[in-house]
Amino acid sequence: HVSLLFSSRRQNDEYSPRAVKRQRLDSPSHTRIGPPLIRAPPPPRHPDHAVAGSSTSSFSGFDHSYPSPHSHPRPQEPAVPESSNSLQAYAKDKLSGQMVELFEACQQQTSDLDRKERCRARLQQDIQRVYAVARLYLTGSSMNGLGCRSSDADLCLVLKGNVSMSHSLQRAVIRTHLIRAKVPILRFRERGSDLEFDLNINNTVGIRNTFLLRSYAYADLRVRPMILVVKKWARHNQINDASKGTLSSYTLVLMVLHYLQTLNDPVLPSLQRDYPECFNPVMDIDMVPEGPKHIPPYVSTNQSSLGELFIGFLKYYATDFRWDKQVISVREARALPKTSSHEWRNKYICVEEPFERNNVARAVHEKIKFNAIKTQFAESCRILHGRKDLNSILPVRAIINKESSRR
């Protein structure tokens, strides 16, 4: 029996009658680099299966259509995994080639996304029998292009008022567990599989983040491999677990984006600064998928290889970044001065959430954990700078084998 009470935390009146509309991201006409198609859930009581689609390295390609409740839109062309040829220009050295190999073996496949979407659609259908206007979004790394084959799936249930979840999850899931965090999370596993989901209610900033991070993920070919390798490195070295006082995956992603934004020759811009109307933090949640389609392609003149960028990332946080005086801000594409405000005072690591502007690195609250993180950056930088071999800091083949077992 599953009987859990959630208190919803609606912000900015983000639920509206347009909730029955269906949004999707469609394929633009530029060179494909193979992201998943992001769709908002289908209209209430008429769920349909969303099939992964393709996109590009530009920010365009966001379509917004409104089929009638009884229509069944034609599935889009399936996504194609990142091609080794498209990354070849940035992978001419050994280290960069190893990074591409790890990325191609571990990146989420179309079949992985399809599987998550099928479960989301079934679960939404069950929930809508009780809450007719509820919508269930697949968010996080599964949808922003930064997931791997072993990634769990994040869900955001959008509805109004206080919600009592009773039997809605029973038929689809087992081993349900409530995590009493700042935003309560219901963790469960799909029946008959090892696929885990984390579900929250009305934490709609996660939907906004999904579209923002996806736009960054496909702004430059190097972003996705870079982030996947950084996350694998941090996980292997035990500094990627917020529940144990280290860095969350979201924090690591923002750290990578910040580094790529602040190079002398930037790889990435600040999308929120350059296109504020496309990422308005109070934009109606139904319109969030619409914003990024108005952003033109971004072309960086930085031609650094993946290996050069990875070593530079480690060096930046090992020697250049001033942890005691600076705040990482992807929103501003710069390091902000650390103030004495409650949000930043006495915090070891300060990473600004792009929309809510709070500290997403607040889990690092012990000096011993902070020192361990800094030490790992410095040690890995030293080793990798000397050897230029990813295996010197990460068991590449073992990680690939582990991911392959998920096929």
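Everything below is about the structure shown above.
My aim in this report is to walk through the structure given alongside it, one point at a time. In this text, all values refer to a predicted model and were calculated from it rather than measured experimentally.

Parameters at a glance
- Residues numbered from 1 in each chain as written.
- Predicted model: local features only at pLDDT ≥ 70, side-chain atom pairs only at ≥ 80, totals over all residues.
- Heavy atoms only, no water.
- Buried < 20%, exposed > 50% of the residue type's maximum accessible area, 1.4 Å probe, protein only.
- Helix = DSSP H or I, 4+ residues; strand = E, 2+ residues; numbered from the N terminus.
- Pairing = 2+ DSSP bridges.
- Axes fitted to C-alpha atoms, helices over the stretch in contact; angles between N-to-C directions.
- Parallel < 35°, antiparallel > 145°, perpendicular 65-115°, else oblique.
- Contact = heavy atoms within 4.5 Å.
- Nonpolar A, V, L, I, M, F, W, Y, C, P; charged D, E, K, R; others polar.
- Polar contact = N/O pair within 3.5 Å; in protein donor to acceptor, adjacent residues only side chain to side chain.
- Phe/Tyr/Trp six-rings, centres within 6.5 Å; stacked < 30°, edge-to-face > 60°.
- Lys NZ or Arg CZ within 6 Å of the ring centre and 35° of its normal.

Right, let's talk about the pairing of strand 6 (residues 185-190) for a bit. With 5 of 6 residues buried, strand 6 is to be regarded as a mostly interior element. By the bridge criterion, 4 bridges tie strand 6 to strand 7 (residues 196-201) in an arrangement that is antiparallel. Residue pairing for strand 7: Phe188 is matched across the bridge by Phe197. In this antiparallel pair of consecutive strands, strand 6 and strand 7, the connection spans 5 residues, and Gly192 shows a positive phi of 75°.

As a further point, take the packing of helix 7 (residues 249-261) against helix 9 (residues 306-320). It is at 10 Å that the axes of helix 7 and helix 9 come closest, and there the two elements cross at 105°. As far as their axial angle goes, helix 9 and helix 7 are roughly perpendicular. In this structure, helix 7 contributes Met255, Val256, His258, Tyr259 and Leu260 to the contact, and helix 9 contributes Glu308, Leu309, Gly312, Phe313, Tyr316 and Tyr317. Tallied by class, the residues present in the contact of helix 7 with helix 9 amount to 8 nonpolar, 2 polar and 1 charged.

Examined against the element boundaries, Gln261 turns out to sit in helix 7. The sequence separation of Gln261 and Ala333 amounts to 72 residues, and the corresponding C-alpha distance is 5.5 Å. A distance of 2.9 Å separates a polar side-chain atom of Gln261 from the backbone oxygen of Pro269.

Attention shifts here to the side chain of Ser96. Position of Ser96 relative to the elements: it lies in helix 2 (residues 94-106). A polar side-chain atom of Ser96 sits 3.5 Å from the main-chain carbonyl oxygen of Tyr90. In this structure the side chain of Ser96 is engaged in a polar contact, spanning 2.7 Å, whose partner is the backbone nitrogen of Gly307. In this view, Ser96 contacts Tyr90, Ala91, Ser305, Leu306 and Gly307; residues no more than four positions away in its chain are not counted.

Attention now moves to the packing of aromatic side chains. Per the stated rule, a full pass over the model turns up 14 aromatic pairs. Judged by centre distance (5.7 Å) and plane angle (55°), the rings of Tyr317 and Phe321 are tilted. When sorted by exposure, Tyr317 lands in the same class as Phe321, which is buried. Within the aromatic cluster, the residues linked to one another by ring pairs are Trp233, Tyr259, Phe313, Tyr316, Tyr317, Phe321, Trp323, Tyr348, Phe370 and Phe377. A cation over an aromatic ring shows up here: Arg222 above the ring of Tyr90, its NZ or CZ 4.2 Å from the ring centre.

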